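Topology and contacts: notes
One letter stands for each residue in the lines below.
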Amino acid sequence: MAWDEWEQLKSAAEERPSVGTQLNQAPAGPGGTGPGSGDLIVNQDDLGAVGHEAFILHSGLSKGADLAGAGMDQHGAGSTLRASSELSAHNFALGSALSTALTMWDSSLKTLLQACAHISNQLDYTKALHAGDDAKVAASLTGGDGGAESSSKINDYFK
């Protein structure tokens with residue numbers, strides 16, 4: 001085949017809409033898919049890292065956020081709540097608005113804390129579940145001699 005003939009064939013192939021020219025592999029893409037990799041790759045470290053970050057966020061928010069005006073003073077009221085009460089007692093509309101803002105902040109913060117806890121707990125659960133599944137698969141694919149199962153035996157699972 002001459003070089004110019006090869007170039008013409010390449011140009012013609014580029015002009016045609018591609019339907020998928022490689023059937024033996026998935027195209028490389030984000031998330032680790034592509035030749036030599038499975039459809040889904042999740043490393044235990046990845047799950048643990050995300051779960052840990054959610055736990056750190058939850059802990060930081062729990063300690064640092066002014067949950068319901070929590071910065072308690074000697075009278076048992078948070079600074080925000082106390083300011084709202086004082087302003088309302090002196091007929092300032094800002095007192096009511098501050099109380100509403102505090103209520104909304106408290107509700108939103110509780111929702112965010114719940115979401116962080118859910119993410120952390122779910123990823124811990126998922127990590128443990130997949131580790132158990134991996135162990136079951138490894139045990140089922142172990143041959144009688146303790147080594148790897150033969151490819152013909154594995155092929156029988158797909159029939």
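Residues numbered from 1 in each chain as written. Predicted model: local features only at pLDDT ≥ 70, side-chain atom pairs only at ≥ 80, totals over all residues. Heavy atoms only, no water.

1. Observations concerning the overall build of the chain
Across its full length, the chain carries 5 helices and 0 strands. Mapped from its N terminus to its C terminus, the chain presents α and β elements in the order α-α-α-α-α. For the chain, buried positions account for 14% of its 159 residues. In the chain, 44% of the contacts between residues at least 6 apart in sequence involve partners at least 24 apart. Accessible surface for the chain amounts to roughly 12,100 Å². Of this, 60% is attributable to carbon and sulfur atoms. (Helix = DSSP H or I, 4+ residues; strand = E, 2+ residues; numbered from the N terminus. Buried < 20%, exposed > 50% of the residue type's maximum accessible area, 1.4 Å probe, protein only. Contact = heavy atoms within 4.5 Å. Areas by Shrake-Rupley, 256 points an atom, 1.4 Å probe, with all protein chains shown as cover.)

2. Focus on the pattern of salt bridges
Inspection of every chain in the model, using the stated rule, returns 1 salt bridge. For aspartate 106, the salt bridge goes to lysine 110, with nearest N and O atoms at 3.4 Å. Of this pair, aspartate 106 and lysine 110 are both found in helix H4 (residues 93-140), 4 residues apart, which corresponds to roughly one turn of the helix. (Salt bridge = Lys/Arg side-chain N within 4 Å of Asp/Glu carboxyl O.)

3. Points about unusual backbone geometry
Its identity as a non-glycine residue notwithstanding, asparagine 91 has a phi of 60 degrees, on the positive side. Position of asparagine 91 relative to the elements: it lies in the loop between helix H3 (79-89) and H4. Asparagine 91 gets classed as exposed once you look at its relative accessible area, which sits at 72%.

4. A short note on the confidence of the model for the chain
Per-chain confidence: the chain averages 74 in pLDDT, with 67% of residues scoring 70 or above. At the level of individual helices and strands, the chain shows its lowest average pLDDT in helix H5 (residues 151-157), which scores 70, and its highest in H3, which scores 88. Long-range and interchain partners of residues 19-25, a stretch whose pLDDT sits below 50, account for 1 contact in this model, where long-range means more than four residues apart. A low-confidence stretch, residues 31-35 (pLDDT under 50), is modelled with 12 contacts involving residues beyond four sequence positions or located in other chains. (pLDDT = per-residue confidence, 0-100.)

5. A word on the side chain of serine 120
With respect to the helices and strands, serine 120 occurs in helix H4. Excluding residues that lie within four positions of it along the chain, serine 120 makes contacts with Gly51, Ala54 and Phe55.

6. Some details on H4
With 48 residues, H4 should cover 70 Å at 1.5 Å per step; its first-to-last C-alpha distance of 70 Å lies within 8% of that length. For H4, every residue scored as buried is listed here: Gly95, Leu102, Asp106, Leu109, Leu113, Cys116, Ser120, Leu123 and Thr126. (Expected span 1.5 Å × (residues − 1).)

7. Concerning the packing of H3 against H4
Put simply, H3 and H4 touch, their axes get as near as 7 Å, and they point 155 degrees apart. By the angle between their directions, the pair H3 and H4 is classed as roughly antiparallel. Viewed along their axes, H3 and H4 form a crossing whose handedness is left-handed. From H3, Thr80, Leu81, Ala83, Ser84, Leu87 and Ser88 reach across to H4, where they touch Leu94, Gly95, Ser96, Leu98, Ser99 and Leu102. Classifying every residue of the contact of H3 with H4 gives 6 nonpolar, 6 polar and no charged. (Axes fitted to C-alpha atoms, helices over the stretch in contact; angles between N-to-C directions. Parallel < 35°, antiparallel > 145°, perpendicular 65-115°, else oblique. Left-handed = near helix turned anticlockwise from the far one by under 90°. Nonpolar A, V, L, I, M, F, W, Y, C, P; charged D, E, K, R; others polar.)

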